[in-house]
Amino acid sequence: MAYDKFNILKSSAVPMPIENVDTDQIIPARFLKATERKGFGDNLFRDWRYNSDDTPKEHFVLNNPIYSGKILVGGKNFGSGSSREHAAWAVYDYGFRCVVSSFFADIFRNNCLNIGVLPVQVSPEFLDKIFTAIESNPNTELEVNLPEQKITILETGESESFDINGYKKQNMLNGFDDIDYLLNIKNDIEEFAEKTPL
């Protein structure tokens, strides 16, 4: 499934300074029956966002109108727990295109990269700077520059580099998942097959 190309993202951010956010908190197990990627955003952090009677929990950050944007800033060890790819689907379907943390669980990181959500891992010190900037001004914008692999707090100009696998980087720049990538090089594959003896 192709997704939006990711190049440079400038956006305000939603702060969630909670450590060890696992995939069952991101999307509870009872919502995993669907096999399509649509509709999971409604249940992102469902048990934290809503009461048992489906009324919004007033103090949860996604229900706070002063915070918005396409960037979610989480605490250390974001996306731990089970390997459900639905957690990444929920993040994407809600509207986030980037998640920032000082550490990601590997499987969650890869699931995000496979569907167009950029996981940006920064140092604990820079993460604290981001949280401080947003706390001071909820409209603070971050710039996530994928070609240069750099994230900047625009209000202060402070920035830090981040790592990303080269193959995944090119896929995100082109809006490709793994199947799209193979389809894009179909002619090269066929040409190689013709020249390669059995």
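This structure is a prediction, so every number in the text was calculated from the model and none was measured.

Q: Just checking my understanding: could you explain the sheet that holds strand β6 (residues 150-153) for this structure?
A: Across a sheet, paired strands are connected by hydrogen bonds in the backbone, their directions being either parallel or antiparallel. With mixed pairing, seven strands are arranged side by side in an open sheet as β4-β3-β2-β1-β5-β6-β7. Two strands close off the open sheet at either side, each with one partner strand: β4 (118-121) and β7 (158-161). Here the strands of the sheet are splayed against their neighbours by 30 degrees on average, with no regard to which way each runs. Inspection of the sheet shows β6 paired to β7 by four bridges, in the antiparallel sense. The residue bridging isoleucine 151 from the neighbouring strand is glutamate 160, located in β7.

Q: Could you clarify how one ought to interpret helix α6 (residues 166-174) in this entry?
A: Helical periodicity: at 3.6 residues per turn, an α-helix aligns residues three or four positions apart in one direction. Taken together, the buried positions of α6 are occupied by Lys168, Lys169, Asn171, Met172 and Leu173. Between a side-chain oxygen at the N-terminus of α6 and the backbone nitrogen of tyrosine 167 the separation is 2.9 Å; the capping residue is asparagine 165. Once α6 ends, the next one or two residues include glycine 175, with phi positive near 75 degrees.

Conventions used here
Residues numbered from 1 in each chain as written. Predicted model: local features only at pLDDT ≥ 70, side-chain atom pairs only at ≥ 80, totals over all residues. Heavy atoms only, no water. Pairing = 2+ DSSP bridges. Helix = DSSP H or I, 4+ residues; strand = E, 2+ residues; numbered from the N terminus. Axes fitted to C-alpha atoms, helices over the stretch in contact; angles between N-to-C directions. Buried < 20%, exposed > 50% of the residue type's maximum accessible area, 1.4 Å probe, protein only. Polar contact = N/O pair within 3.5 Å; in protein donor to acceptor, adjacent residues only side chain to side chain.

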